[in-house]
Amino acid sequence: MDFVNAIILLLNYIFIPALTYGSQLALGAIFVTLIYGILRFANFATGDMMSFGTMFTVLFTWYFQSLGISLGVLPTALLAIPLAIIFMTGYMLLVDKFVFRYYRVNKSPPVQLAMVSIGVMFVTQAVVRIIIGPSDRRFFDGEKFIIKAGEFKEMTGLNEGLAIKSTQVITIVVTMILVSTLFWFLNKTKTGKSMRAYSDNEDLALLSGIDPKKIVTITWIIAGILATIGGALYGLDKSFKPFTYFNNMLPIFAAAIVGGIGNPFGAFLGGYVIAFSEILLTYAYRKFFMYILPETMEPGGLVQLLSTDYKFAVSFSILVIVLLYRPSGIFKGKIL
Amino acid sequence: MAFFEGTNMTGGYGNGPDIINSCSVKVDRGEIVSILGPNGAGKSTAMKAMLGLLDLKAGSVMINGQDISKLSPQDRVKKGISFVPQTKNVFAGMTVEENLEMGAFLIDKDYNEVIHEIYDLFPILKEKKSQLVGELSGGQRQQVALGRALMIKPSVLMLDEPTAGVSPIVMDELFDHIVKVKRTNVAILMVEQNAKQALSISDRGYVLVTGENRYSGTGKELLNDQRVRSSFLGG
Amino acid sequence: MRKNLNVIAAYSIMMSLIILVGVFQSWNIALSIFNLCLISAVMTMGANIQWGYAGLINFGIMGYTALGGLAAVLISVDPVQDAWSAGGFDILTSLFIIIGMILAIKFILKRYERSKIRTYFIAAIIILGIIIIRVIAEPGIEAIEAVEPAKTGFLGGLGLPIVFSWIVGALFAGGLAFVVGKVALGLRADYLAIATLLISEIVIAIIKHEDWLTRGVKNVIGLKRPAPYEVDLQTTEWFINLVEKFNSGKLALISDIADRQTALNQLVIEGSSVFVKLCYSGLFLIVVIILLILTQKALYSPWGRMMRAIRDNEEAANAMGKNVVKQHLLIFILGSAIVGIAGAMLVTQDGLFTPGSYRPMRYTFLIWVMVIVGGSGNNFGAILGGFAVWFLWIEAAPIALFVINLTTSGLADSHFLKQHLIESVPYFRFLMMGLGLLLIMRYRPKGILPEKIEIK
């Protein structure tokens, strides 16, 4: 029996990857929830908007690299993100002005706006592919690992190694900073509160003198920041491929709904719920049991609940169950 | 000339038929005025017309001698007119205090003092200030709604059926609060279904029928008027 | 009458576009576009029944299409005897366990009141069942997949003519729709959209990864055809004679006998593939016409009127004693079944089943563009949408190339921008679809051919 090794094993293969992936999903889910809460439609262009923002991050990273600018051990992309956010927000405000605004002003039903967002999805996808192409792009530079598995083993003398990638730490840290700033903004500032009020009761917000145009603009700006950063972090950690981003929309939707759509804090937690259940249910626990069980009881198979092929299916099943039993989400709390 | 008055207002929603027809309503500061009448008489519509929620085909709305007929509802709010809708009149997902803050959205200067005044008026709100409004009782919610509307220190307060759906005890309590508000020199205009109780606290009242003024007078006069009694007050 | 003129005009334009492709590009291309237009039309009819008749959003079209395709495999492929003897028993046992589980759960649901204990009990049955199935099925699956993995490695099908699969595909899709509808139809419109989209992804995940049933990403190729094979035609006397007769004028111009023979051979090769495509066109046309007659009849029947009444005012219809839930479920099943037919037709035409190719852009969202563009609620509109959008989807690249060459004609051929744009030509189809959808939704929200009957 060897508990320390077993715990390191779980940390290395479940906890840290799930925390990273969960953070990436959480940012996307807050994006979905904000749009849903304030602009009142399910945005099917979510994944492609994230890929749009990431594309600019990649382009600026390349540009900085060509100029020889770098952040040393940190990835250059961190420098590119602020510029990408500007382009992203610009694009979103443009799309809103020419597409979504018309339906909002006419008070179209949410379904129609969702259909319109499919048009935006097609266009955005095309623009991204025309500008940067559909292939896989890596734009990570800087120091890759904070701790390497081998170094960890040497340091501690354990059998199991713990590898921590710098992208994992960057993802988690940036997410925490961004999300706490966002919650501070929504709960403590006048503008943030007026956004929540608008989402809660539009008519009364108008009667209170809240300017809907300003609310919509700020929502798109925040959404642009979330989408760009969320997308760029995912791309840094894995790689940037437009099609993957389109696919990521699905677990992101799952996270937003699991957390109770319209509830940003729920969406934040929902990201982790989805990430952890995907990884927990598809991890092969054979080695873990080898550590904690006596030799005679060692398992024969992989001890895996579901094959990793069904990773996505896990989050979707959770979503379907939540939709059926608690459509308002599993977390209580302030709606946006 | 009254402080706040709608004169000969005619109009309806969108391109629909006229709901109010040459209807006039006046209210002065420190006065409670009720608009009464049968269902579909255009009571709420008359009030919404004064708030600017529908376009008037004829007539005018004046406050303090100034014509505001062309202003949007938001701009009328800035003129000191506050409105409490009949339903959905609070931000249910926000705390009591946040509701009050949203009421003060248009005020640029510090409004902490106003919040304290509201708490003095409705002590229960102070107790529950960090609670979500959605979790409060019906009567408490109406107090939040009143409190939110009072945050801009309005000169005119319009209430659309403030006692709809609350129990008789709560209704009495709410009317007490409304009288308290009146004493702060606010002009109060309200639409009410509970005509008897409303008239008993009102200084004046209007009875509308099919969008037109039918009777008007002081609360007492209307209460004692045989025609009004038989047709609207149940004998 | 004027409305009918619209329909005739729209269809004439569509057909002449396809004929133009035939004249200027080739008849082969024109016919393959035409055939896929027909299949798209079937899919849009299915989606249109759900959306146009009843206002139900089904973003799971991809899943039903894939199930139809699976039906084509399971019907037409010969059974793999070795695989059956290797693991058939285990699979059948698992199947019985699943049936047993469902029956047990149904029994519990019926017999006991709703309570926590009941929920836990059901959960326990499901979890226990999954574990047992994994234990039993695992060796069977491994054995099946080990049988000649390069060629088979799956159980195969029934070895019946592939056309039967069109009906079976409808049954499969309808069955799935029954389950999905039972659980998800109560959801709000946008939630329903998301739920159906995710469920269709689950279906694809299963088809992709359960190799013992579908061969997964290894694909199933060489499915039997309902139409003759080109190679056979090329050596068949009557066909060669037919081609000769058809082109006698052209051939007569060639004096040299040997040259004439080579020309004839060339014509026969071309003709054979055109002929095969025509056979498919005929089959598909029959399906489209039958479905069109049925859906039109349904639309104008009392039932169709009731559906539209439900769509336009659910509460009122409910109050009038119409069972909205039941009707929604029925229409969800019917629409999905039609999509299932289309899925089977598609695989029949391609002669191969490639689970990896089912992607939501192509099989869900594109179909929705067709429905919206064509005119939801109008069957002629839906079919036209299928034709027009598919045509544009295929011809987008040549059109984009033309436009790029025109607008960048001032630039040198080696200019980086021009080269980059020309390389990106395939992606302009997404742009055109998106812009087309946005423009139609903005300026003609009822589609090219709007619904005729309107209920206020």
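Here we summarise the structure given alongside this text. For every chain, the first residue of the written sequence is number 1, and numbering continues from 1 along that sequence. The naming scheme follows written order: chains are lettered A onward, ligands numbered 1 onward. Local features in this predicted model are restricted to residues of pLDDT 70 or higher, and side-chain atom pairs are both shown and tallied only at a pLDDT of 80 or more, whereas totals for entire chains, interfaces and linings draw on every residue. No hydrogens and no water enter the side-chain calculation; it runs on all heavy atoms of the structure.

### Here we look at the overall build of chain C
Then step 1. Across its full length, chain C carries 19 helices and zero strands.
Then step 2. The proportion of buried residues among the 456 residues of chain C is 49%.
Then step 3. Contacts are assigned to residue pairs with any non-hydrogen atoms lying within 4.5 Å of each other. Partitioning the intrachain contacts of chain C with sequence separation of at least 6 by distance along the chain shows that 81% fall at a separation of at least 24.
Then step 4. Areas reported here follow the Shrake-Rupley algorithm with a probe of radius 1.4 Å; residue values treat only the protein chains shown as occluding. Accessible area for chain C stands at about 22,300 Å²; split by element, carbon and sulfur atoms hold 69% of it. Labels follow the DSSP assignment, with helices taken as runs of H or I lasting at least four residues and strands as runs of E lasting at least two, numbered in each case from the N terminus. With a 1.4 Å probe rolled over the protein chains alone, any residue whose accessible area is under 20% of its type maximum counts as buried; one over 50% counts as exposed, and the rest are partly exposed.

### Considerations on the side chain of Ser315(A)
Residues and elements named next belong to chain A.
Then step 1. Within the secondary structure, Ser 315 sits in helix α13 (residues 311-325).
Then step 2. Residue Ser 315 is classed as buried on the basis of its relative accessible area of 0%.
Then step 3. Under this definition, polar contacts are N or O atom pairs within 3.5 Å; protein pairs additionally need one hydrogen-donor-capable and one acceptor-capable atom, and for neighbouring residues in sequence, both atoms have to be side-chain atoms. Side-chain polar atoms of Ser 315 contact the side chain of Glu 278, separated by 3.0 Å.
Then step 4. Contacts of Ser 315, omitting those with residues within four sequence positions, involve Pro 251, Ala 254, Ile 274 and Glu 278.

### Quick look at the interface of chain A and chain C
Then step 1. Counting from both sides, the interface comprises 48 residues of chain A and, opposite them, 46 residues of chain C.
Then step 2. Buried surface area refers to the total accessible area, computed with a probe of radius 1.4 Å, that the two partners give up upon joining, counted for both partners together. Together, the buried faces of chain A and chain C total about 4,100 Å²; carbon and sulfur atoms form 78% of this surface.
Then step 3. When a carboxyl oxygen of Asp or Glu is within 4 Å of a side-chain nitrogen of Lys or Arg, the pair counts as a salt bridge. The interface formed by chain A and chain C contains zero salt bridges.
Then step 4. One can count nine residue pairs in polar contact (both at pLDDT 80 or more) joining chain A with chain C.
Then step 5. Those elements that provide at least two residues to the side of chain A that touches chain C are α3 (77-105), α4 (110-132), α10 (242-258) and α13 of chain A.
Then step 6. Among the elements that line the side of chain A that touches chain C, the one with the most residues is α4(A), at 17 residues.
Then step 7. For this classification, Asp, Glu, Lys and Arg are treated as charged, while Ala, Val, Leu, Ile, Met, Phe, Trp, Tyr, Cys and Pro are nonpolar and the rest, including Gly, are polar. Considered class by class, the residues forming the side of chain A that touches chain C number 39 nonpolar, seven polar and two charged.

### Some points on the packing of aromatic side chains
Then step 1. For Phe, Tyr and Trp, where Trp contributes only its six-membered ring, two rings pair if their centres lie within 6.5 Å, and the inter-plane angle classes them as stacked under 30 degrees, edge-to-face over 60, or tilted in between. Within the structure shown, the criterion is met by 39 aromatic pairs over all chains.
Then step 2. Look at Tyr63(A) and Phe64(A): their rings are 6.2 Å apart centre to centre, the planes differ by 45 degrees, and that puts the pair in the tilted class.
Then step 3. The class for Phe64(A) is buried, based on a relative accessible area of 11%.
Then step 4. Centre to centre, the rings of Phe183(A) and Phe265(A) are 5.4 Å apart; their planes meet at 65 degrees, and the pair counts as edge-to-face. Taken together, the residues span a long stretch of sequence, with Phe183(A) in helix α6 (residues 166-188) and Phe265(A) in helix α11 (residues 264-282) at a distance of 82 residues.
Then step 5. A relative accessible area of 15% places Phe183(A) in the buried class.
Then step 6. Put simply, a charge is over a ring when the Lys NZ or the Arg CZ is close to the ring centre, within 6 Å, and near the line of the ring normal, within 35 degrees. The aromatic ring of Phe430(C) is capped on one face by Arg129(A), whose charged end is 5.5 Å from the ring centroid.
Then step 7. Taking NZ or CZ as reference, Arg359(C) lies 4.0 Å from the ring centre of Phe243(A), over its face.

### Quick word on the pattern of salt bridges
Then step 1. One pass over the full model with this rule turns up 22 salt bridges over all chains.
Then step 2. Two residues, Lys151(C) and Glu148(C), come together in a salt bridge whose shortest N-O distance is 3.8 Å.
Then step 3. Each member of the salt-bridge network shares a partner with another, and the members are Arg40(A), Lys107(A) and Glu202(A).

### Observations concerning the packing of helix α1 (residues 3-39) of chain A against helix α7 (residues 190-200) of chain A
Residues and elements named next belong to chain A.
Then step 1. With axes taken as lines fitted to C-alpha atoms, and helix axes fitted only over the stretch in contact, angles between N-to-C directions fall between 0 and 180 degrees. Remark: α1 packs on α7, axes separated minimally by 7 Å, with the N-to-C direction vectors making an angle of 65 degrees. Note on element contacts: α7 touches α1 through Met 195, Tyr 198 and Ser 199, opposite Leu 34, Gly 37 and Ile 38.
Then step 2. Its residues assigned to classes, the contact of α1 with α7 shows four nonpolar, two polar and no charged.

### Overview of the sheet that holds strand β2 (residues 20-27) of chain B
Residue and element names in this part refer to chain B.
Then step 1. Strand pairing is assigned whenever DSSP identifies at least 2 bridges connecting the two strands. Here we have four strands laid out as an open sheet, ordered β2-β1-β4-β5, and antiparallel in their pairing. The open sheet has two edge strands with one neighbour each: β2 and β5 (66-67).
Then step 2. Taken together, the two bridges between strand β4 (residues 56-63) and β5 define a ladder with antiparallel strand orientation. Residue pairing in the sheet places Met 62 in a bridge with Asp 67 of β5.
Then step 3. Lying on the sheet, helix α1 (residues 43-51) is in contact with β1 (4-11), β2 and β4; it crosses β1 at an angle near 115 degrees.

### A short note on unusual backbone geometry
Then step 1. In the Ramachandran plot, Arg40(A) falls in the positive-phi region, its phi being about 65 degrees despite a non-glycine side chain.
Then step 2. Tracing the backbone through its elements, the reader meets Arg40(A) in the loop between α1 and α2 (46-67).
Then step 3. For Arg40(A), a relative accessible area of 28% gives the class partly exposed.
Then step 4. The phi angle at Asn185(B) is positive, at roughly 65 degrees, despite the residue not being glycine.
Then step 5. Turning to its location among the elements, Asn185(B) is positioned in the loop between α7 (168-183) and β8 (187-191).

### Observations concerning the interface of chain A and chain B
Bring the parts together and some accessible area is lost; that lost area is often taken as the interface size.
Then step 1. Listed by partner, the interface residues are 17 residues for chain A and 22 residues for chain B.
Then step 2. Where chain A abuts chain B, roughly 1,800 Å² becomes buried across the two surfaces, and 60% of that area is made up of carbon and sulfur atoms.
Then step 3. Summed over the three residues of chain A that lose the most area to chain B, namely Lys190(A), Leu204(A) and Leu207(A), the buried surface amounts to 34% of that side.
Then step 4. At the boundary of chain A with chain B, the tally comes to two salt bridges.
Then step 5. With its nearest N and O atoms 2.8 Å apart, the salt bridge here joins Glu98(B) to Arg196(A).
Then step 6. Sorting the residues of the side of chain A that touches chain B by element identifies α7 and α8 (202-207) of chain A as the ones contributing at least two each.
Then step 7. When residues of the side of chain A that touches chain B are assigned to their parent elements, the largest contribution, six residues, is made by α7(A).

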